[in-house]
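# Breakdown of the fold
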Amino acid sequence: MLEKVRCNLCNSSYDSLKYIKNGFRIVKCKCGLVYVNPRKEIEYDESYFSRGGSVYEDYLKERNLKKKNFRRLIKDIKKLRKGKLLDVGCGTGEFLEVAKENSYEVRGVEISEFAAGYCGGKHLFVDIGDFGDVKTNEKFDVVTMF
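This one's a predicted model, so the numbers in the text were calculated from it and none came from an experiment. (Residues numbered from 1 in each chain as written. Predicted model: local features only at pLDDT ≥ 70, side-chain atom pairs only at ≥ 80, totals over all residues. Heavy atoms only, no water.)

### Considering a nonpolar patch on the surface
To keep things clear, this is the line we draw: Patch construction takes residues with relative accessible area above 30% that form no salt bridge. Like charges are linked within 9 Å, and nonpolar side chains (Val, Leu, Ile, Met, Phe, Trp, Tyr) are linked within 5 Å. Each accessible area is a Shrake-Rupley result for a 1.4 Å probe, and residues are judged covered by the shown protein chains and nothing else. Whenever a carboxyl oxygen of Asp or Glu lies within 4 Å of a side-chain nitrogen of Lys or Arg, that contact is scored as a salt bridge. Comment: elements are numbered from the N terminus, with helices defined as DSSP H or I runs of at least four residues and strands as E runs of at least two.
Nonpolar side chains collect at one region of the surface, where Leu 2, Phe 24 and Val 36 lie side by side and expose about 250 Å² of accessible area between them. Here Phe 24 lies in strand E3 (residues 24-28).

### Considering helix H4 (residues 113-121)
Worth spelling out the cut-off: Note on classification: 1.4 Å probe, protein chains only; a residue is buried when its accessible area is under 20% of the maximum for its type, exposed when over 50%, partly exposed between these limits. Each C-beta atom gives one direction from the helix axis, and the arc is the one those directions make.
For H4, the set of buried residues is Ala 115, Ala 116, Tyr 118 and Cys 119. Each buried residue of H4 lies within a common arc of 145° when the element is viewed along its axis, so the set occupies one face. Away from its buried face, by an angle of more than 90 degrees, H4 presents the exposed residues Glu 113 and Gly 121. Directly beyond the C-terminal end of H4, a positive phi value near 60° is found at His 123.

### A few points about the state of the cysteines
How we decide: Two cysteine sulfurs form a disulfide in these notes if their separation is within 2.5 Å.
This structure, assessed with the given rule, holds 0 disulfides. Here Cys 29 is not cross-linked by a disulfide; its sulfur's nearest cysteine counterpart is in Cys 10, at 3.5 Å.

### Some remarks on helix H3 (residues 94-101)
The buried count for H3 comes to 6 of 8 residues, which makes it a mostly enclosed element. Every buried residue belonging to H3 is among Glu 94, Phe 95, Leu 96, Glu 97, Val 98 and Ala 99, and all of these are buried. Remark: Ser 103 follows H3 within two positions and exhibits a positive phi of approximately 75°.

### Thoughts on the nonpolar core
Inclusion rule: Residues belong to a common nonpolar core when they are buried Ala, Val, Leu, Ile, Met, Phe, Trp, Tyr or Cys residues joined through side-chain atoms within 4.5 Å.
Of all hydrophobic cores here, the largest spans 16 residues; its most connected members are Ile 74, Leu 85, Leu 96, Tyr 104 and Val 106. Elements with a contribution of two residues or more to this core: helix H2 (55-80), H3 and H4. Looking at this core, the element that brings in the most residues is H3, giving 4 residues. Listed in part, the 5 residues of the second largest apolar core include Val 5, Val 27, Cys 29 and Tyr 35.

This is how it looks when you write it as structure tokens:
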């Protein structure tokens, strides 16, 4: 299902069509932000994470590849900043695991209860819900959103 959205930057409902790519309308807001509108509404349930096979089997297949890529990324991040790290949309927690292995104090935010359940099993602290609804007074040195 497609959902018409307002600009994430200025909240305007005005947009002009720039082009169409793969059936998606790429629009430009009067403030200059370019984005997809309408956008596909994504259901972040078990099926989103399963990719068509058994959820746990798919999780194991993708886990090692994700962690390999995240290990390369964390090396670059460590050059810039160390300390407390927040991963917004942390999914099943692979990046949090890699960051923790690299001496970061980690916390995640994930909208899917299903995905966040994997994080709890790995002893990672994850707030379940929309990023805008999470209430915390913590300060973070690094914030990631993949």
